[in-house]
Amino acid sequence: MGVEAGAQAARARALVVLRIRSRALAVALLPAAVAVILLAGAATGRLVGPGWDAARWILTPVAVLVLLAAAGIALVVARARPAMSPTIPITEEAAPDLYRMVRDLADRLDVPAPSAIALTPDCDSWLEDRTHRAHGPPPAEEHEDIAGGGRHTQRRHPVAPVLVIGSPFLWWMRVGELRAVLAPVVAGTGPSAHPDIAAARRFVRGLDAAVAVASAPHRGPVSRAVLAGVGWVARLLLRSCRVYAAEMERGVAAAAAERAQAVDYGLRIVAQEQVGLAYAGWDRLLTRVALPAWRMGRWPSRLDAGVVAALTELSRRDRLAEGFASRLGERPACDLLEEPGAVDEAASLLAARLFHGGPAGPGPDWSPVGWSEYPEEVVDRKWRVDAARLHRVLDAMGVRPAPGSTAPNTGGPTLSRVLDHLTTGRADHLTDRLTDRAGETPFPIRSPEPPPDDEEDLSGATPRSATLAARLSAELSREEATATPSPSATGPSTGASTAPSPPAGSPATPDPAALWDDRTLPLFPLQPPRTARELLADHLTAMICCAAMDTAGATPGLDWLDGPTLLHNGERTADLAPKILTLIEDGDSTPLRAWLAELGIRPEKPVRLV
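All figures in this text were calculated on a predicted structure; none of them were measured in a lab.

*Asks:* Honestly, the overall build of the chain in this entry has me stumped. Any pointers?
*Replies:* Scanning the chain for helices and strands turns up 20 helices and 11 strands. A total of 610 residues make up the chain; the buried ones form 46% of that total. Look at the contacts in the chain between residues 6 or more apart in sequence, and 78% of them connect residues 24 or more apart. About 29600 Å² of surface is accessible on the chain, with carbon and sulfur atoms providing 57% of the total.

*Asks:* Looking at this structure, how should I read the sheet that holds strand E10 (residues 563-568)?
*Replies:* Hydrogen bonds along the backbone pair up the strands of a sheet, which may run parallel or antiparallel. Strand order in this open sheet of three strands is E9-E10-E11, and the pairing throughout is antiparallel. The two strands at the open ends of the sheet, each matched to only one other strand, are strand E9 (555-559) and strand E11 (571-572). Pairing of E10 with E11, which is carried by two bridges, proceeds in the antiparallel orientation. Looking at the pairing, leucine 567 lines up with arginine 572 of E11. In this fold helix H14 (residues 374-397) packs onto E9 and E10, with an angle of close to 110 degrees to the strand it touches most, E9.

*Asks:* Mind showing me how you'd approach the side chain of serine 115 here?
*Replies:* Within the element layout of this structure, serine 115 appears in the loop between helix H3 (96-109) and strand E2 (116-120). For serine 115, a relative accessible area of 3% corresponds to the buried category. Within the structure, serine 115 has its side chain in polar contact with the backbone oxygen of alanine 160 (distance 2.7 Å).

*Asks:* What's the story with the nonpolar core in this structure? I'm lost.
*Replies:* Side chains of nonpolar character tend, in soluble globular proteins, to be buried together. Judged by nonpolar contacts, the single largest core of 112 residues is most densely connected at Leu98, Leu178 and Trp294. Looking at this core element by element, the count peaks at 12 residues for helix H10 (residues 265-295). When sequence neighbours within four positions are dropped, the list of residues in contact with tryptophan 294 reads Leu286, Trp299, Pro300, Leu303, Ala351, Ala352, Phe355, His356, Trp366 and Leu526. Of all hydrophobic cores here, the second largest spans 21 residues; its members include Leu18, Ala199, Val230 and Leu238.

*Asks:* Please explain the packing of aromatic side chains as it appears in this structure.
*Replies:* For any pair of aromatic rings, the description rests on two quantities: the centre-to-centre distance and the angle between the ring planes. What the rule picks out here adds up to two aromatic pairs. Both rings, one in tryptophan 371 and one in tyrosine 374, keep their centres 5.9 Å apart while their planes meet at 45 degrees; by these two values the pair is tilted. The burial state of tryptophan 371 is the same as that of tyrosine 374; both residues are buried. Here the aromatic rings of tryptophan 371 and tryptophan 560 are separated by 4.9 Å at their centres, their planes lie at 75 degrees, and the arrangement is edge-to-face. In this pair, tryptophan 371 is assigned in the loop between strand E6 (367-369) and H14 and tryptophan 560 in the loop between E9 and E10, connecting sequence segments 189 residues apart. Overall, the relative accessible area of 16% leaves tryptophan 371 in the buried class. Taken together, the ring pairs in this structure connect Trp371, Tyr374 and Trp560 into an aromatic cluster.

*Asks:* Sorry, what's going on with the side chain of glutamate 475 here?
*Replies:* Along the chain, glutamate 475 falls in helix H17 (residues 463-482). When residues no more than four places from it in sequence are discounted, the contact partners of glutamate 475 are Arg389, Arg392 and Val393.

*Asks:* Looking at this structure, how should I read the sheet that holds strand E1 (residues 88-90)?
*Replies:* Strand order across the open sheet formed by four strands is E1-E2-E4-E3, with mixed pairing between neighbours. Across the chains shown, the open sheet's two edge strands, defined by having one partner strand only, are E1 and strand E3 (126-128). Strand-to-strand twist in this sheet, taken as the mean axis angle between neighbours without regard to direction, amounts to 35 degrees. Against the sheet, H3 engages E1, E2 and strand E4 (162-166), with an angle of about 115 degrees to E2. On top of the sheet, helix H6 (residues 175-186) reaches E3 and E4; it is set at about 140 degrees to E4, its chief contact.

*Asks:* Before we go on, may I ask you to explain the pairing of E9 in this structure?
*Replies:* For a regular strand, side chains alternate in direction, first toward one face of the sheet and then toward the other. Here E9 pairs with E10 via five bridges, running antiparallel. Pairing of leucine 558 across the sheet is with proline 564, part of E10. Once E9 ends, the chain turns through three residues before running back antiparallel as E10.

*Asks:* Would you explain the pattern of salt bridges in this entry?
*Replies:* Where charged atoms of side chains with opposite charge meet at close range, the side chains can pair. Summed over all chains, the structure comprises 30 salt bridges. For arginine 572, the salt bridge goes to aspartate 562, with nearest N and O atoms at 2.9 Å. Taken together, the positions of arginine 572 in strand E11 and aspartate 562 in the loop between E9 and E10 put the pair 10 residues apart, joining distant regions of the chain.

*Asks:* Whenever I open this one, the packing of helix H1 (residues 5-44) against helix H8 (residues 195-215) confuses me. Can you help?
*Replies:* When two helices pack together, their arrangement is captured by the angle between the axes and the distance separating the axes. Direction vectors running N to C along H1 and H8 enclose 50 degrees, while the axes themselves pass 8 Å from each other. On the basis of the axis angle, H1 is oblique to H8. The crossing of H1 and H8 is left-handed. Seen from H1, the contacting residues are Ala10, Arg11, Ala14, Leu15, Val17, Leu18 and Arg21; seen from H8, they are Asp196, Ile197, Ala199, Ala200, Phe203 and Val204.

*Asks:* Sorry if this is basic, but what is going on with the state of the cysteines here?
*Replies:* By definition, a disulfide links the sulfur atoms of two cysteines through a covalent bond. Enumeration according to the criterion identifies zero disulfides in this entry. Free cysteine cysteine 546: the closest other cysteine sulfur is in cysteine 545, separated by 7.1 Å.

*Asks:* Explain helix H18 (residues 532-551) to me, please; I cannot follow it from the model alone.
*Replies:* Three or four residues apart is the spacing at which side chains of an α-helix point the same way, because the helix has 3.6 residues per turn. Here H18 is 20 residues long and its end C-alpha atoms lie 29 Å apart, about the 28 Å a rise of 1.5 Å per residue gives. Within two residues after H18, glycine 553 carries a phi angle of roughly 75 degrees, on the positive side.

*Asks:* Whenever I open this one, the packing of helix H15 (residues 415-422) against helix H20 (residues 590-599) confuses me. Can you help?
*Replies:* Running from N to C, H15 and H20 cross one another at 160 degrees; their axes reach a closest spacing of 11 Å. Accordingly, the angle class assigned to the pair H15 and H20 is roughly antiparallel. Taken as a pair, H15 and H20 cross one another with a handedness that is left-handed. Residues Leu415, Leu419 and Asp420 of H15 lie in contact with H20, whose contacting residues are Leu592, Arg593 and Leu596. Within the contact of H15 with H20, the residues separate by chemical class into four nonpolar, no polar and two charged.

*Asks:* Sorry if this is basic, but what is going on with the confidence of the model for the chain here?
*Replies:* Detailed conclusions should not be drawn from predicted coordinates in areas where pLDDT is low. On average, residues of the chain score 82 in pLDDT, and 80% of them are at 70 or above. Confidence drops under pLDDT 50 across residues 138-156; counting only partners more than four residues distant or on other chains, this segment forms 26 contacts. Confidence drops under pLDDT 50 across residues 426-455; counting only partners more than four residues distant or on other chains, this segment forms 28 contacts.

*Asks:* Can you help me understand the environment of leucine 337 in this one?
*Replies:* Here leucine 337 lies in the loop between helix H12 (322-325) and helix H13 (340-355). Here the alpha-carbon distance between leucine 337 and tyrosine 99, two residues 238 residues apart in the chain, equals 9.6 Å. Apart from residues lying up to four places away in sequence, leucine 337 is in contact with Ile90, Ala94, Ala95, Leu98, Leu170, Trp171 and Val343.

*Asks:* How do you make sense of H10 when you look at a structure like this?
*Replies:* Helix length check: H10 (31 residues) gives 43 Å between terminal C-alpha atoms against 45 Å at 1.5 Å per residue, within 8%. The axis of H10 is deflected most strongly, by about 35 degrees, at leucine 286. Of the residues flanking the end of H10, it is glycine 297, one or two places downstream, whose phi is positive at about 80 degrees.

Conventions adopted
Residues numbered from 1 in each chain as written. Predicted model: local features only at pLDDT ≥ 70, side-chain atom pairs only at ≥ 80, totals over all residues. Heavy atoms only, no water. Helix = DSSP H or I, 4+ residues; strand = E, 2+ residues; numbered from the N terminus. Buried < 20%, exposed > 50% of the residue type's maximum accessible area, 1.4 Å probe, protein only. Contact = heavy atoms within 4.5 Å. Areas by Shrake-Rupley, 256 points an atom, 1.4 Å probe, with all protein chains shown as cover. Pairing = 2+ DSSP bridges. Axes fitted to C-alpha atoms, helices over the stretch in contact; angles between N-to-C directions. Polar contact = N/O pair within 3.5 Å; in protein donor to acceptor, adjacent residues only side chain to side chain. Core = buried A, V, L, I, M, F, W, Y, C linked by side-chain atoms within 4.5 Å. Phe/Tyr/Trp six-rings, centres within 6.5 Å; stacked < 30°, edge-to-face > 60°. Salt bridge = Lys/Arg side-chain N within 4 Å of Asp/Glu carboxyl O. Parallel < 35°, antiparallel > 145°, perpendicular 65-115°, else oblique. Left-handed = near helix turned anticlockwise from the far one by under 90°. Disulfide = S-S within 2.5 Å. Expected span 1.5 Å × (residues − 1). Nonpolar A, V, L, I, M, F, W, Y, C, P; charged D, E, K, R; others polar. pLDDT = per-residue confidence, 0-100. Bend = angle between axes of the 7 residues up to and from the residue.

This is the structure:
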């Protein structure tokens, strides 16, 4: 460990954590020590008498129970599997240039090189210790060469942590920028190799894993009672060392940053701007582009390449990002991979699993989609499925086709039917006319139900909009409940699953050590569940787009920053959100009808649905 002030502070905090461990051990051994003294006193004739005998009879069983309990807790802490991030392992054969760059960077920093490299579908990089026996066998011999121990296979050396790199960085950043960003991360292997810091980290990770084991559901009453005590002790120890462990990690980070200042410091300032830009583009791509496809049972197979397209589009639109496009002429960091396309596909599948809860591999209801196929396979199908659901709900509500449509008798799915139902003034006027007539009305008109009291987002909508939104939300919930089992629940229920297997021919072979609990998928939901108002707006947008495609020659498109979009005469149409909001909240369809007439969209014509 170096002489950095942060490293010294980290070691001091690590010693405090280890002292807490020693005190816990002393507390567990104290009753046994007292019992040994009492038994020794009886054997030597020093501690005799009724009182000492009673103390021996009471304390000896207590000491045995405490020792057994301490041994059980220690066994759980030692054997519990620490949490590990789901990643795509990258072997040295799959990325020799990347390994060479990391090794050279570690040599410049005078720290041990990481034992292996893995990718994560997120804009972050870190070091992860995977030396626990539950994480699988030790690294292969070529990885020991990276850590500096391949020449002495008979001697035991501390295994360096695994370097986890955010996959968007490899595609958006240039080689020099990636090296500058990874410098402070790789520098963290120096403090991590110190025995005191490594022991303190193992102790804290073991306690955290023991808490997770004690909190696991579906256990018998006896196991649950025993593990409740283990969890209580582990939480008590975690609370005791939480502050010191956090200060230790801050010291390690400070030491790594201080050591990395000598390597590409000027370039790192520029690269940090690219980190923020990549994060914004990645978040936008997942929420606006990937999420609609995931909901349709399709997963984009080139998400990392999509980040480049999204950020290039951003640089075209935003003058503040004009300089970023000039970087694209330099060598991208993904060239350090032998097969970047296969790695991108594996990372895209893992992203779908983490952020949406999809299956671990492709299947009939979970197939990849390319960017060139996205408009037809995702956008068009999504709009027609939503429009079909909207008309099914209207059928269930007893809403008849609008008068004057081309198919009033067949009940054809028209946009006019939706607009006339949600337009408050026209609907009320029609109801009054039919009610004033003598005799029965030609067809029954159901009065709109009041919006649910617990739906705050529907408080500003018209009664008909609120009712339709509530019915759509209930219909979508029923579809999800009656659908096939959750993708994350398919396969054998072993309580843990391996990391998603990359496609055939991928250099990123499945990692047998990458075990993580798939019962909590998605681990990182991108968005909260859509409200009833948002569902209604999405379904209205889908119906309008279907009418535009079927009656005005519009086409579905993909906007890298905004997701599915409607193209008319090759150009993106105006935003429909304000006009749809006016229809939902005020029951006024005039702005929307004017927009439809301007583009030549015929709302009275039937549309094709799925």
